[in-house]
Amino acid sequence: MDLVDKTLKKNNEGVEYIISGRYRDAKRELRTAIINLQEFYQNGCLSADSFRVPSFIIETRNIPHSRISSDRFIFGNVLLTSIDPNASSRNRQQGIHDLTAILVFNLSIVYHCSAIYNASVQHLERVVRLYRKVLVALQQDTVYFHTIALSVFNNMGVIYHDLRKYAQARICFRAVKKMTSSKIINRTLVLQPEACAGITSNLLFLKAPIVAGAA
């Protein structure tokens, strides 16, 4: 089993642990997957033009709603990955960025679910930092861009709102509104009914008057 296969396997094992609520195990598997990816960089493989990373098949999985009490967050889009046998190979560097975004996104969902499950407000700042890393790794031309970006901006917006950082919350919710208002983007999104209801509720914040001096 090569490093790509090992990385995909660890990601998918981590996703299954997220779904079953075993957050500590999920963190372990996803961290291992990220370490595997780091070996690509450490070994200098990105400079090898002849090396290719296979295209991925992305499958969304839903976290049972009973595990998370809040309807305002989107947790139904943790991502399973597998190699697409029918797709042509892509540039290695693009493939690494794609897989990095998926892994960090899944890991951010683990930390977010864990913070909510344990009612840990202190950990939410760390969750925001992870979400920011997802946006850095995310590539505009990937087919799953909006699936991840919508969840990240929505969830960051709610966290900022709860932390009373209203200016940052507005920026995030405006990005959510832009994506959900696009007919083209909506064709690529698959959202559970509770997620749609949560987004609608969150966007009401944009209609609220801006409080002078709000952070």
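Just so it is clear, the model here is predicted, and its values are computed rather than measured. (Residues numbered from 1 in each chain as written. Predicted model: local features only at pLDDT ≥ 70, side-chain atom pairs only at ≥ 80, totals over all residues. Heavy atoms only, no water.)

Visitor: Hey, could you run me through the pattern of salt bridges in this one?
Guide: Two side chains of opposite charge can pair, provided their charged atoms sit close to one another. For the structure shown, the criterion picks out 7 salt bridges. Two residues, Lys9 and Glu13, come together in a salt bridge whose shortest N-O distance is 2.4 Å. Taken together, the residues span about one helical turn, with Lys9 and Glu13 both in helix 1 (residues 3-19) at a distance of 4 residues. Take Lys9: its relative accessible area is 40%, and that puts it in the partly exposed class. Its salt-bridge partner being Glu13, residue Lys10 comes within 4.0 Å of it at the nearest N-O pair. Of the two residues, Lys10 and Glu13 both sit in helix 1, 3 residues apart, roughly one turn of that helix. (Salt bridge = Lys/Arg side-chain N within 4 Å of Asp/Glu carboxyl O. Helix = DSSP H or I, 4+ residues; strand = E, 2+ residues; numbered from the N terminus. Buried < 20%, exposed > 50% of the residue type's maximum accessible area, 1.4 Å probe, protein only.)

Visitor: Which parts of the structure should I look at to understand the packing of aromatic side chains?
Guide: In this description, a pair of aromatic rings is defined by centroid distance and the angle of the planes. What the rule picks out here adds up to 2 aromatic pairs. When the ring of Tyr166 is compared with that of Phe205, the centres are 6.0 Å apart and the planes differ by 40°; the resulting orientation is tilted. Of this pair, Tyr166 sits in helix 6 (residues 166-180) while Phe205 sits in the segment after helix 8 (193-203), placing them 39 residues apart in sequence. Among the residues examined, Tyr166 registers a relative accessible area of 24% and is labelled partly exposed. (Phe/Tyr/Trp six-rings, centres within 6.5 Å; stacked < 30°, edge-to-face > 60°.)

Visitor: Can you walk me through the nonpolar core in this structure?
Guide: One finds Tyr131, Leu138, Ile148, Val152, Met156, Ile159 and Phe173 to be the most contacted residues of the largest nonpolar core, which totals 51 residues. Elements with a contribution of two residues or more to this core: helix 1, helix 2 (23-42), helix 3 (92-117), helix 4 (124-137), helix 5 (145-162), helix 6 and helix 8. When residues in this core are grouped by element, the largest group, 12 residues, is from helix 3. (Core = buried A, V, L, I, M, F, W, Y, C linked by side-chain atoms within 4.5 Å.)

Visitor: Would you mind going over helix 5 with me for this structure?
Guide: Since the α-helix turns once every 3.6 residues, residues separated by three or four places project in the same direction. Across its 18 residues, helix 5 extends 26 Å between first and last C-alpha, which sits within 8% of the 26 Å expected from 1.5 Å per residue. In terms of burial, helix 5 is a largely internal element, 14 of the 18 residues being buried. In the stretch just after helix 5, Arg164 is the one whose phi turns positive, near 65°. (Expected span 1.5 Å × (residues − 1).)

Visitor: When you look at helix 1 in this model, what are you seeing that I'm missing?
Guide: Under the 1.5 Å per step criterion, the end-to-end length of helix 1 is 25 Å for 17 residues, consistent within 8% with the ideal 24 Å. Two residues or fewer after helix 1 comes Gly21, characterised by a positive phi angle close to 80°.

Visitor: Where do I start with the environment of Ile109 in this structure?
Guide: Following the sequence through the fold, Ile109 ends up in helix 3. It is 9.7 Å that separates the C-alpha atoms of Ile109 and Tyr23, two residues lying 86 residues apart in sequence.

Visitor: Would you explain the confidence of the model for the chain in this entry?
Guide: Low pLDDT means the predicted coordinates in that region are not meant to be read closely. Summary statistics for the chain give a mean pLDDT of 75 and a share of 63% for residues scoring 70 or more. Residue range residues 46-54 is modelled with pLDDT below 50. Its contacts to residues more than four positions away, or to other chains, number 16 contacts. (pLDDT = per-residue confidence, 0-100. Contact = heavy atoms within 4.5 Å.)

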